[in-house]
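# Report on the structure
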Amino acid sequence: MRRSPIIAPLSVANTHPADIYISPVNLTANGRAHLGHAAGPFLRMDVVQRHLKRAGHHVRSGLTTDGFENHVLVRAARENIDPSDLAHGFHVGIAHDLASLGIVFDHFDDPAHGKNLQRFSNVSNALMDALCATGSLEFRAARLPVDDAGSALTPTEERFCIGGWFGATCPVCEASAGSFFCEQCGHHFEPDEARNPVSRRGRIVEWTDNISAFLSITRNEQLVRAWDDAAIEPGFVEIGKRYVARKGQQMRLTVPGLHGLSWNSQRFNTRQILFSYSSLLYAHSLYCGHKDAEVSGTPSVFARNSDTFLIGATGIDNTIPMLVGVTGCALGQESFRQFDRIFFNHFLRLNGSKFSTSRGHVIWAGEIAQVPDISIDILRVCLSEICPEEAETDLIPKQLIGRYNVILDKSAGVINRCTDIISAMPAIAACHVDDAMMITLDRLYDQQCSALSLDHLRVSHASRSVTDWLDCLDSNPNHQIAYTWLMGFSVLGWPLMPRITEALWHWLGHEGHPLAARAARPSSERSGSVPRIDRRSLTAADIDRCLPGKVAQ
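In short, a report on the structure. (Residues numbered from 1 in each chain as written. Predicted model: local features only at pLDDT ≥ 70, side-chain atom pairs only at ≥ 80, totals over all residues. Heavy atoms only, no water.)

This part covers the packing of aromatic side chains. The tally for this structure, following the rule as stated, stands at 15 aromatic pairs. For the pair Phe181 and Phe275, a centre-to-centre distance of 6.3 Å together with 5° between the ring planes defines the contact as stacked. Taken together, the residues span a long stretch of sequence, with Phe181 in the loop between strand S7 (176–178) and strand S8 (195–199) and Phe275 in the loop between strand S12 (272–274) and helix H8 (279–296) at a distance of 94 residues. Here the two residues Phe181 and Phe275 agree in accessibility, since each one is buried. Considering the side-chain rings of Tyr282 and Phe302, the 6.4 Å spacing of their centres and the 80° angle between planes classify their relative orientation as edge-to-face. Taken together, the residues Tyr282 in helix H8 and Phe302 in the loop between H8 and strand S13 (309–315) connect sequence positions 20 residues apart. Assessed through its relative accessible area of 0%, Tyr282 is described here as buried. We classify Phe302 as buried; its relative accessible area is 0%. Feature note: the residues Tyr21, Tyr282, Phe302 and Phe339 constitute an aromatic cluster, connected by ring pairs. Over the face of the ring belonging to Phe214 we find Arg140, whose NZ or CZ atom lies 3.9 Å from the ring centre. (Phe/Tyr/Trp six-rings, centres within 6.5 Å; stacked < 30°, edge-to-face > 60°. Helix = DSSP H or I, 4+ residues; strand = E, 2+ residues; numbered from the N terminus. Buried < 20%, exposed > 50% of the residue type's maximum accessible area, 1.4 Å probe, protein only. Lys NZ or Arg CZ within 6 Å of the ring centre and 35° of its normal.)

Of note, the phi angle at Glu174 is positive, near 65°, even though the residue is not glycine. Tracing the backbone through its elements, the reader meets Glu174 in the loop between strand S6 (166–169) and S7. Of the residues examined, Glu174 reaches a relative accessible area of 54% and is grouped as exposed. Of note in this structure, Asn196 is not a glycine but carries a positive phi near 55°. With respect to the secondary-structure elements, Asn196 resides in strand S8.

Below, the discussion takes up the pairing of strand S9 (residues 204–216). Of the pairings in the sheet, the one linking strand S5 (residues 137–147) to S9 comprises 11 bridges and is antiparallel in character. Bridging from a neighbouring strand, Pro145 pairs with Trp207 of S9. Two strands pair when backbone bridges link them, and S9 and strand S10 (residues 250–252) are joined in this way by 3 bridges, in the antiparallel orientation. Across the sheet, residue Ser216 finds its bridge partner in S10, namely Gln250. (Pairing = 2+ DSSP bridges.)

Let's shift gears to the environment of Gly512. For Gly512, the location among the structural elements is in the loop between helix H16 (498–507) and helix H17 (540–545). Overall, Gly512 belongs to the partly exposed group, its relative accessible area being 48%. In sequence terms Gly512 and Glu502 are 10 residues apart; their C-alpha atoms lie 7.9 Å from each other. Those residues within four positions of Gly512 in sequence are excluded, and the remaining contacts are Trp505 and His506. (Contact = heavy atoms within 4.5 Å.)

A few words now on the sheet that holds S9. One open sheet accounts for 3 strands, arranged S5-S9-S10; its pairing is antiparallel. Because the sheet does not close on itself, it has two edges, and the strands there are S5 and S10. Recorded for the sheet is a direction-independent mean angle of 35° between the axes of neighbouring strands. Packed on one face of the sheet, helix H9 (residues 319–331) meets S9 and S10 and runs near 100° to S10. (Axes fitted to C-alpha atoms, helices over the stretch in contact; angles between N-to-C directions.)

Here Asn405 lies in helix H12 (residues 397–423). Those residues in contact with Asn405 that lie beyond four places of it in its chain are Ser537 and Leu538.

Take the packing of helix H13 (residues 435–451) against helix H15 (residues 479–493) next. It is at 10 Å that the axes of H13 and H15 come closest, and there the two elements cross at 10°. With respect to H15, the axis of H13 lies roughly parallel. Of the residues in H15, those touching H13 at Met437, Met438, Leu441, Leu444, Tyr445 and Gln448 are Ile481, Thr484, Trp485, Gly488, Val491 and Leu492. Among the residues forming the contact of H13 with H15, the class breakdown is 9 nonpolar, 3 polar and no charged. (Parallel < 35°, antiparallel > 145°, perpendicular 65-115°, else oblique. Nonpolar A, V, L, I, M, F, W, Y, C, P; charged D, E, K, R; others polar.)

Shown next, in the form of structure tokens:
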């Protein structure tokens, strides 16, 4: 396992900054981003990105949406709209949704749109050609269902009942499943392995052989060793091992289709496009690497000889796509490399059941962020605390409201008290840090760094240092203690609460974002207006306005 980038102690300069690139799994562009998405890999990686930058490392990030995933076609057909137009519209909306929660990436692209498409096609073809050159591709026939939704004029590629059109029972856990995956247990299956297959747009009338490309890793235990190298947590490794025990080190790389990135071979009997949950999923990351390279003028971070530390993240439903599809594609050729860390999370539920757009059981990220006069910083803290890292967690609106208001009242009170003390000082008066307070800050910083360790990430524990810091201020602090508290809050809070902490950092005379190395380096300058959390309490009515349908409190 590659060693994680070193996190220097508080107030110590990072003399060996690492180059780090973060590429979470793409979002399917068939809808907007809800809090189930945001509170999972995306907020998680935003917190990690800020933590690593705070430690002095060079961090960049990229994200995409997938406009070729089959569920885009399903929604486009239902709404009678061009799939590309539908996907790009949702891409724009998703970008707004994430940004409204302070979740930002250096570049966030729709690779299937406009000039991006050629770059996307180039990197995907380079990947498939590299896999073919090393003998990692196997061309074989698989039985796929055909339904009666089309007509005699319907192209063969569009008659297959796959992806979002296909429903079944999982052959492993017997839960209701569809497409090629079971969200309940994380298993991946071929349609002819599933039980009780049905078409969601008609009736299955026959099964026919279709020749597709499959990944085949021949070196024994190579995938399992790669998972260990990437510090995959045991529960997710077990999902991968169960898959390999049933199906071996192989996975589908192409499917028949017209809407997607094609890859040609004389071995195929229909037009084949890259499968969204293996080759195309990896191609999205490679696209991000190439986009980053164009900006930086350096080779892609995914190039085989790159020394950049690569971090990926996704939900449990993408366990097999990441552990077998993406990791397998990285191992199966010699041009591109695998992730150094991959972080998985479970599902966040809403009042005990899955987020569901169709049932109106959802809170949209963009909607709640637009509630007038609420603090996005406080909302981020609350969402981080219910991040489903060890098991499924539940967003219960009443509990969210209560926790939000407690943190809001405490944060606003302490910040305002300390800024009032500093504001009352003469403009040219020098500030100093309090040694006793710095000992406490050092301990809490170490505690938070442990929670945000790349070897055992627990973003859900990161707020504990911040809330402990809120509680450690004396009832009547002097200016030295008030100054130390504000500096400490800026450093501890920045990964979770970027808006107020950056404002405080700048007001205290520092440039850029909070840096741990500068925690004990005061400035006598004040810049701009006094930062405040002048926000109101969250109410049940605020949550109700964000729901397409009512959720019982």
